[in-house]
Amino acid sequence: MKLNKILLPITILFFIAGTVSCESYLDKEEDLPMSFPKIWEKRATIEQALSNVWGYMTSPDEMVDGHPFIGASDEGSATYDRAYRLINFGTWNPSNVPYQKWAQYYRGIREATIFMQNAPDAPAADLEDVEREQWPVEARFARAYYYYQLVQLYGPVMILGDELLDFNLSIEELQRPRNSMEECVEFIISELRECEKHLPVEQTPQYYGKPTKGACKAIISELTLFYARPLFNGNKLYANIRNKDGKELFPGIANVDMDRWKAAAAAAKEIIDMNEYELYKVESNGEIDPLKSYQGVFLELWNNELIWARYKGGYYARVHTTPRIAGGVAYGGVSPTQQQVDTYAMSNGIYPITDYNPDGTPIIDSRSGYDEDGFTNFEHPLDKGGAKRTYNMYLNREPRFYATVLWSGCKLPYTGSSAIVNFGFNGNSGGGISHDYPKPGYMVRKWTDPALNTSGGQWGNMTWPIFRYAEILLNYVEALNEYDPSHGDILKYLNQIRERAGVPNIEDVYPEAVGNQELMRELIRRERRVELSFENKRFFDTRTWMIAEEVDGGPMWGMNTSSSAPSPNASTTPEAFWERTVFETRVFEPKHYLYPIHQRELDRNELITQNYGW
C-alpha cells in the first residue's frame, strides 16, 4: 500500500514570534527570545522556526475550544458554555467575534514570509541542500493555507504577497484595503501551483507532516468548489460590497459563472487521475466490510485515503465524545442533532426522512421501511454481545450510521464493557446529574477507538482528516452535476463511495435521479453530509450552498433528555425519553454567511470594508 499521508507538525515553538501576543497584523514585534540572526545559524533553530510557522494553525480536533464548526453546525451540538453559543443564538457582533482568526492567520502569514526570505540563504553549515530548497516551499504552502482559511471565514481579505510591512512606518502608512474575491482565489491557487512544482508526490515515514502535491491539489479542489457555489457565484447580497475607493470586493457576483463549476470539477479530477489515493477498505471473505472500512478510515493511522491529516493525541476528540458511564475523565457533550440522525439512509439505500411537517414530525418515504413506533430486540453490528431493546428508529440503517451515532440504550462501545449508556434525565450519561451530557440524546461515536480503556487514561493517537479521497470524489460529482448532469462519472464515483458504505448504487434506488440535476443535487448533498459528518465540513457546506438560513436557524431537535419522568435506574432509559423534542432554537441571519471583521481591525485599518450586514 502506498503511503501518501500529510501530517502537520505538532511541535509548536516560538523562536521567531514575539507575535504570539500581538493583537493585530499592524502590531509591532516584541523583543525576540533569541536574536534574529542567530535563528539562521543552526539547522535545529531553523527547523524550530518552520514548526513555528505551523503554530498558528487551528487544530481541527479542537471542536469545543478551537473552532465552532461542529457546535454551531446543524449536524451537531456541544453542550458546554462556549463561544459557539453566541453564533447559535445570533448574539455575536464585530466587537465580540467568537473564534475570530483574522489576526492569528495574518501572524502565521508573516512568519511564513519571514521564513521564506531567510531560510534559503541561511548561514547554517549543517542545513542540507534539500532542506534549504524544500523548507521554504513548505512555509509557502502554510502561507497559502492560512489565506485559504481566512477566505473561508471572511471572504475576500488583504493579500500581502511577499511584502513584510515596515513597522517603523506610521499606522496610516501600514493600512491596506481588502483584495477582491477573484484576486484572493487566483493568488491562493497560483501559490499552491508553485508549491506543487517542488513538493513530492509521496513521502517516506520519516517525513510525515510535510506537504505534498496532493495536499496542494486538495486545497485547490475545495477552494474552487466553494468559489463555484451560490455564496460566491450569483449571490446578490454582496453585489454592492466595495472598498472605500469604489473597488468591488465580489466582482460579477450577481451572475452565475458556469465556468467555475468546470474549474472545480477539473481540480478534483486532477487528484483522481494521480492514482495515489483510494477509499480505505477492509475485506472479509472477499467482500467489503462497510462497517470496518468506514470505521477504519478514522482509526487506522496511516491509510491511503488520507490526503492531508493532522497527527494528534486522541484525548481532545475522544474526551468530548465519551459518555460519563465510561468512567475516568469523560465529558461526553458533543453529539449529533436529530436532523443529522435522520439524514442516514436505510440499509436498502433509501433516505427515510424526506422533509418535516410544521410541528417537526418527519415526512417519511414509505418505500424505506422506516418506523418510529415501538421497540425491537436488536444486536448492534459493531458491539455484538446479545440483542438489546432498541427504539425502532435505529433499525435497518446503513452501516455509517452505526459507526457514527451512539444512542441511548446502546452498550458502551469499548471492547469488554457490558455497561449500557443512558442519556435520559438522571441517567448514567444524561442530564440532571452533570452538565456534561449530550442535549439531543445522542453522542458522536465516529472518533471512538473500542480497543482503548479511556477510564485508565488510554486515549491513543489519531490522524484527523483535513482532506481525504472520499471528499474529492464528492467534490467532483457535485461540480459535474451543475454543468453536465448527464455525465457518466457522476454515477461512477458517487457509487464508489456508496459501495464502500454498503448501500446500493444510486441508480438502483433512485433511477429517477439519473440526469435530473435538481434531484441528483439533493442526493449528492445528502451523501456528503453523511460521509463527511463531524469532519468540520458541514459548517461551510451549508453556508456556501446558501441553505444555512433554512437549516442552521430555527429548532434543533433531539430526544427528550429533560423529561420530568426520570430514569427508573441509571442504566434504563425512561419511556418519556423517546420523543422528538426541541433542545435549542438557533438564529441564522443573512449577515451570518460570512464572519464579521473584528471592530479592532476596522479601527486600526480604516481602508478595510466590513462584511455584509455587520
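Check the entry above for the structure.
Residues numbered from 1 in each chain as written. Predicted model: local features only at pLDDT ≥ 70, side-chain atom pairs only at ≥ 80, totals over all residues. Heavy atoms only, no water.

## Re the overall build of the protein
Quick note on the threshold: For the purposes of this entry, the term helix denotes a DSSP run of H or I that reaches at least four residues, the term strand denotes a run of E that reaches at least two, and both are numbered from the N terminus. Type-normalised accessible area, obtained with a 1.4 Å probe on protein chains alone, sets the label of each residue: buried when under 20%, exposed when over 50%, and partly exposed for intermediate values. By definition in these notes, contact holds between two residues if any of their heavy atoms fall within 4.5 Å. Surface exposure here means Shrake-Rupley accessible area, sampled with a 1.4 Å probe, where a residue is shielded only by the protein chains that are shown. When charges are tallied, Lys and Arg are placed among the positive residues and Asp and Glu among the negative ones, while His and the ends of the chain are skipped. Throughout, a charge is located at the NZ atom of Lys, the CZ atom of Arg, the CG atom of Asp or the CD atom of Glu.
Along its length, the protein carries 20 helices and 14 strands. Over its C-alpha atoms, taken along the principal directions, the protein stretches across nearly 70 × 55 × 50 Å. Across the 614 residues that make up the protein, the buried fraction comes to 61%. Considering only intrachain contacts with a sequence separation of at least 6, the fraction spanning at least 24 residues in the protein is 72%. Counting only carbon and sulfur atoms, one obtains 48% of the accessible surface of the protein, whose full area is about 22200 Å². The averaged location of the 84 negative side-chain charges in the protein is 2 Å from the averaged location of its 62 positive side-chain charges.

## Thoughts on helix 8 (residues 213–228)
Our working definition: Expected helix span is given by 1.5 Å per residue-to-residue step, counting one fewer step than there are residues.
With 16 residues, helix 8 should cover 22 Å at 1.5 Å per step; its first-to-last C-alpha distance of 23 Å lies within 8% of that length. Buried residues dominate helix 8, accounting for 15 of its 16 residues.

## Description of the pattern of salt bridges
Here is the rule: Any Lys or Arg side-chain nitrogen found within 4 Å of a carboxyl oxygen on Asp or Glu counts as a salt bridge.
Per the counting criterion, the structure on display carries 46 salt bridges. Between D342 and R580 there is a salt bridge, with its nearest N and O atoms 2.8 Å apart. Linking D342 in helix 12 (residues 338–343) with R580 in the loop between strand 13 (554–558) and strand 14 (581–586), this pair joins segments that are 238 residues apart in sequence. One salt bridge in this structure joins E372 and R580, with 2.5 Å as the shortest N-O distance. On the criterion of sequence distance, the pair formed by E372 in the loop between strand 7 (362–364) and strand 8 (375–378) and R580 in the loop between strand 13 and strand 14 is long-range, its members being 208 residues apart. Overall, the relative accessible area of 14% leaves R580 in the buried class. A network of salt bridges, in which partner residues are shared, links E305, E398, R400, K446, R468, R498, R500, E527, E531 and E535.

## Focus on the pairing of strand 4 (residues 306–313)
Moving residue by residue along a regular strand, the side chains alternate between the two faces of the sheet. What counts here: A strand pair is defined by DSSP finding two or more bridges across the two strands.
Burial analysis of strand 4 places six of its eight residues in the buried class, the great majority of the element. Bridge count for strand 4 against strand 12 (residues 461–468) is seven bridges, and the pairing is antiparallel. Paired with R310 across the two strands is W464, which belongs to strand 12.

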